[in-house]
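Each chain, letter by letter, is given below.
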Amino acid sequence: MSGTTINDFEYRHVLGADSVHLNVAVGGDGHPIVLLHGFPQTHLMWRHVARELADRHRVIVPDLRGYGASDKPEEATPDTYSKRTMALDIVSVVRELGYEQFSLIGHDRGALVGVRAALDHPDMITHLGILDVLPTMDTWDVLHGVDAAVAWHLYLMAQPKGLPERMIEAVAEDFFSSFLDAWDPSGTTFPPEVRRHYIDSSMHAVPSIVADYRATAGIDLAMDRADRKAGAQLAMPVAVISQDWGARLGFDAAALWRQWAPTATYQPIDAGHFMAEEKPTDVTAFILDLVQRTPA
C-alpha cells in the first residue's frame, strides 16, 4: 500500500445513481467481486484482502456515497442515503465497468448496502458475503435495555437532521477515534497513516455519514419490514462471518440470517469488528470459499 491507495489497483471516478460519482479501485482479472466498506472507514479497509483476491478475480472496491473520496450529496430526501439508492450506485458502477453479474461482499454499513442490492437486483448478485452485521430490521429488534448501549451511536444518528451533525462535528476526532479504539481489541490493527486517513475522511463527511445512519432508522427499516411481510428471501449463496454478538445480546445470529437466506452459512471468528484488517487471510479464505459455491 502507498499512502491511502491500494497498490497495483487502478483508480477511477465512476458514475453511480443520480449523477453521483464514486471513487473506485479496480484490479485483477476474472469473475468480479465487489467489496464494500464499513464505518468509520473507506475502501482502504480492504487493502490486504483485495490484493489477495486479485490473483484470481476482478476486484472492484468503491468508497460508498458519502464516504472517502466519493461524492457526498446533501440529504435532500430520506432516499438520498437509503440503502436502495446506495445499492443502485453499486449496480450502476459495475455496469459502467462492463459487468452484469458479480459477487458482493460487505462489511458493516457496506453489508447493509449489499443485502439491499441482493434483494433489489437478485439477477445480478451471484454470491453475497456479510461481515459482522445483522440486517437492518433485525439490528433494531435485538437491541434491548442497557445492552443496547453498545449501539449508542445508532440512536444518536437516528435523530432528526441538524442536532446530531452539530454534536458530532463539535468533537469529531474524538467521536470517530472512539470506534477505532473500542472495536480493535489488539490495538494494533491500524498503521498510523491508515488510522489518520479514516479519521480525516470521516471528519470531512459528518453530514453524509449521519444521513446514512438516519436512513437506517427510517426508510431502510420500512423497506426491510415490507420485504419481510412480502416473504422476500435471498436465493443466491449467502455466507456470514461475525463476532459472537449474540452471546452478549441474547440472539441467534445464524437463525436471524436464515430468515432472509434459508441456506446461509454462518461462521464465527475470533477477531474484532475490523476483521478484514485484523485477520485478512481468514477473511480472504471466507470469500474464496463463498464464490466457489454454485449459484442457485
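These figures come from a predicted structure and were not determined experimentally. (Residues numbered from 1 in each chain as written. Predicted model: local features only at pLDDT ≥ 70, side-chain atom pairs only at ≥ 80, totals over all residues. Heavy atoms only, no water.)

Glancing now at the side chain of H273. Turning to its location among the elements, H273 is positioned in the loop between β8 (265–268) and α13 (275–278). For H273, the side chain forms a polar contact with the side chain of D108, separated by 3.3 Å. If we skip the residues at most four places from it in the chain, H273 touches F39, H107, D108, D132, W183 and Q243. (Helix = DSSP H or I, 4+ residues; strand = E, 2+ residues; numbered from the N terminus. Polar contact = N/O pair within 3.5 Å; in protein donor to acceptor, adjacent residues only side chain to side chain. Contact = heavy atoms within 4.5 Å.)

L35, W46 and I287 are the most contacted members of the largest nonpolar core, which has 102 residues in total. Discounting residues that sit within four places of it in the chain, I287 has contacts with I33, L35, W46, V49, L53 and I105. (Core = buried A, V, L, I, M, F, W, Y, C linked by side-chain atoms within 4.5 Å. Buried < 20%, exposed > 50% of the residue type's maximum accessible area, 1.4 Å probe, protein only.)

The next thing to look at is helix α6 (residues 163–170). Three or more residues of α6 are buried, namely P164, E165 and I168. Buried residues in α6, looked at end-on, bunch into an arc of 100°, giving them a common side. Set apart from the buried face of α6 by more than 90 degrees, the exposed residues are R166 and A170. Packing partners of the buried residues in α6 comprise α5 (152–157), α7 (172–182) and α9 (206–216). (Arc of directions from axis to C-beta.)

Another point: the packing of helix α2 (residues 83–96) against helix α3 (residues 109–120). In contact at an axis separation of 8 Å, α2 and α3 are set at 80° when each is read in the N-to-C sense. The orientation of α2 with respect to α3, classified from their angle, is roughly perpendicular. Between α2 and α3, the residues in contact are K83, R84, M86, A87 and I90 and R109, L112, V113, R116, A117 and D120, respectively. Within the contact of α2 with α3, the residues separate by chemical class into six nonpolar, no polar and five charged. (Axes fitted to C-alpha atoms, helices over the stretch in contact; angles between N-to-C directions. Parallel < 35°, antiparallel > 145°, perpendicular 65-115°, else oblique. Nonpolar A, V, L, I, M, F, W, Y, C, P; charged D, E, K, R; others polar.)

What follows covers the packing of aromatic side chains. Scanning the entire structure with this criterion turns up 13 aromatic pairs. Relative to W183, the ring of F39 has its centre 6.4 Å away and its plane inclined at 65°; by these criteria the two rings are edge-to-face. Residue F39 is found in the loop between β3 (32–36) and α1 (47–53), and its partner W183 is found in the loop between α7 and α8 (192–203); the two are separated by 144 residues along the sequence. Here F39 and W183 have matching classes, each one buried. Between F190 and F274 the ring centres are 5.0 Å apart and the planes differ by 70°, which places this aromatic pair in the edge-to-face class. Taken together, the positions of F190 in the loop between α7 and α8 and F274 in the loop between β8 and α13 put the pair 84 residues apart, joining distant regions of the chain. The exposure class of F190 is buried, given its relative accessible area of 11%. (Phe/Tyr/Trp six-rings, centres within 6.5 Å; stacked < 30°, edge-to-face > 60°.)

To continue, consider the pairing of strand β4 (residues 58–62). Burial within β4 is extensive, with five of its five residues counted as buried. Every second residue of β4 is oriented toward a common face, with R58, I60 and P62 on one face and V59 and V61 on the other, all of them buried. In this structure, strand β2 (residues 21–27) lies alongside β4, joined through four bridges in antiparallel fashion. The residue bridging V26 from the neighbouring strand is I60, located in β4. In this sheet, β4 lies alongside β3 in parallel orientation, the contact comprising three bridges. Bridge assignment links V34 to a residue of β4, and that residue is I60. The parallel pair β3 and β4 is bridged by α1, and the resulting crossover is right-handed. (Pairing = 2+ DSSP bridges. Right-handed = clockwise from strand over helix to strand, strands pointing away.)

Before going further, it helps to spend a moment on unusual backbone geometry. Along the chain, F39 connects to P40 via a cis peptide bond; the corresponding omega equals -5°. Relative to the elements of secondary structure, P40 occurs in the loop between β3 and α1. Although it is not a glycine, D108 adopts a positive phi angle of roughly 55°. Checked against the element boundaries, D108 lands in the loop between β5 (102–107) and α3. Classification of D108 by relative accessible area gives buried; the value is 10%.

Let's shift gears to α2. The end-to-end C-alpha separation of α2 is 20 Å, in line with the 20 Å expected for 14 residues at 1.5 Å each. For α2, the tally of buried residues reaches ten of 14 residues, placing the bulk of the element in the interior. For α2, every residue scored as buried is listed here: K83, T85, M86, A87, D89, I90, V91, S92, V93 and V94. Where α2 ends, the next residue or the one after it, G98, has phi of about 100°, a positive value. (Expected span 1.5 Å × (residues − 1).)

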